[in-house]
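One-letter residues, chain by chain:
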Amino acid sequence: MSKTSTATATSRRRRGLGIVYPMRVLGALLPVVTTILHDRAAGTFNVFHGIFIALCLLHPHIFFFLGRKYDQSRGKIDSWALLVDAFYLGIASYILGFSPMPTAIMASVALANGLGVMGFRQMALSAVALLVGGGLPTLIAGLHYEPEHSLAINIVSAVFIFIYFHLFAWAAYSRASLLKWTRRELREQKQAAEIEKRRSDLLLHNVGPDRMIERLQIEGTLEPEVFDPVTVLIVDF
């Protein structure tokens, strides 16, 4: 691959991955904003909620830094980031009292992220992390169920899911475009290689007997042969 093609491929790859970071930051805002709105309405803010909000705001930047620093381990880092995302969404669902609409949206985001980025196995792991995030504080502090929530929380959740899944669709489109470009580039390289092969074959056939060239191409070696006396004519045009 030429330097220009390599640079173009790198640019396209970075552009395709560039949307992942803002999506992760946006995803962290959902549990943060809904937790703040819930605590403001119910007066339930405490140290645990403050630490949770801080961790939600910090962790996208931490994983972004780790992904840039250890690019060769990006797959594992992304997998852990998705698990942490799902775990935090599970905690946020508990804080909101497992209110149906926000909880359903958070569960959908956690599972869709795992499936869309790394497949069914990651989705299953994200589901486990989601359950642990919601179940662990339930075991410690007990279950509290709040089926009704403020209109503000429902509106925030609805707006978030609208924006987030449009960004998710854009990310999927970017990956599909990159894959299509890569396949076209490989096809063009294959065609160029076939043309060069035909040229080299033609050159070989011009400098030696066909049967010798064919044996050389098939076996890779040639056995010495003895020829009857021949006359060589050299013409200079």
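Quick note: structure is the one above.
First things first, this report covers the structure right here in the doc.

Conventions and cut-offs
- Residues numbered from 1 in each chain as written.
- Predicted model: local features only at pLDDT ≥ 70, side-chain atom pairs only at ≥ 80, totals over all residues.
- Heavy atoms only, no water.
- Helix = DSSP H or I, 4+ residues; strand = E, 2+ residues; numbered from the N terminus.
- Buried < 20%, exposed > 50% of the residue type's maximum accessible area, 1.4 Å probe, protein only.
- Contact = heavy atoms within 4.5 Å.
- Axes fitted to C-alpha atoms, helices over the stretch in contact; angles between N-to-C directions.
- Parallel < 35°, antiparallel > 145°, perpendicular 65-115°, else oblique.
- Phe/Tyr/Trp six-rings, centres within 6.5 Å; stacked < 30°, edge-to-face > 60°.
- Expected span 1.5 Å × (residues − 1).
- Arc of directions from axis to C-beta.

## Considerations on unusual backbone geometry
In most cases, non-glycine residues show a negative phi, while peptide bonds are predominantly trans. Phi angles above zero are rare outside glycine, and Phe-98 is one such case at about 55 degrees. When you line up the elements, Phe-98 lands in the loop between helix H4 (74–95) and helix H5 (100–118). The partly exposed category is assigned to Phe-98, whose relative accessible area is 23%.

## Observations concerning the side chain of His-59
Tracing the sequence through the fold places His-59 in helix H3 (residues 47–69). Residue contacts for His-59: discarding those within four places in its chain leaves Ala-28, Val-84, Asp-85 and Tyr-88.

## As for the packing of H4 against H5
Relative placement of two packed helices is described by the angle separating their axes and the distance separating the axes. Axis separation between H4 and H5 bottoms out at 9 Å; the angle between their running directions is 170 degrees. By the angle between their axes, H4 is roughly antiparallel relative to H5. For the pair H4 and H5, the contacting residues are Gly-75, Asp-78, Ser-79, Leu-82, Ala-86, Leu-89, Ala-92 and Ser-93 in the first and Thr-103, Met-106, Val-109, Ala-110, Asn-113, Gly-114, Val-117 and Met-118 in the second.

## With respect to the environment of Phe-52
Residue position: Phe-52 is located in helix H3. Look at Phe-52 and you get buried, because its relative accessible area is 3%. If we skip the residues at most four places from it in the chain, Phe-52 touches Pro-31, Thr-35, Tyr-88, Ile-91, Ala-92 and Ile-95.

## Points about the environment of Leu-96
Mapped onto the elements of the fold, Leu-96 is located in the loop between H4 and H5. With a relative accessible area of 0%, Leu-96 lands in the buried category. Sequence separation between Leu-96 and His-144 is 48 residues; the distance between their C-alpha atoms is 8.9 Å.

## Some points on the packing of aromatic side chains
Counted according to the given criterion, the structure contains 8 aromatic pairs. Seen in terms of ring centroids, Phe-52 and Tyr-88 are 5.8 Å apart; in terms of plane orientation they differ by 90 degrees. Their pairing is edge-to-face. Of this pair, Phe-52 sits in helix H3 while Tyr-88 sits in helix H4, placing them 36 residues apart in sequence. Of the two residues, Phe-52 and Tyr-88, both sit in the buried class. Taken together, Phe-160, Tyr-164, Phe-165 and Phe-168 form an aromatic cluster joined through their ring pairs.

## Points about H5
Along its 19 residues, H5 runs 27 Å from first to last C-alpha, staying within 8% of the 27 Å computed at 1.5 Å per residue. Every buried residue of H5 is accounted for by Pro-102, Thr-103, Ile-105, Met-106, Val-109, Ala-110, Asn-113 and Gly-114. The buried side chains of H5 occupy one side of the element, clustering within an arc of 170 degrees when seen end-on. Directly beyond the C-terminal end of H5, a positive phi value near 95 degrees is found at Gly-119.

That's the geometry; what it means functionally is another story.
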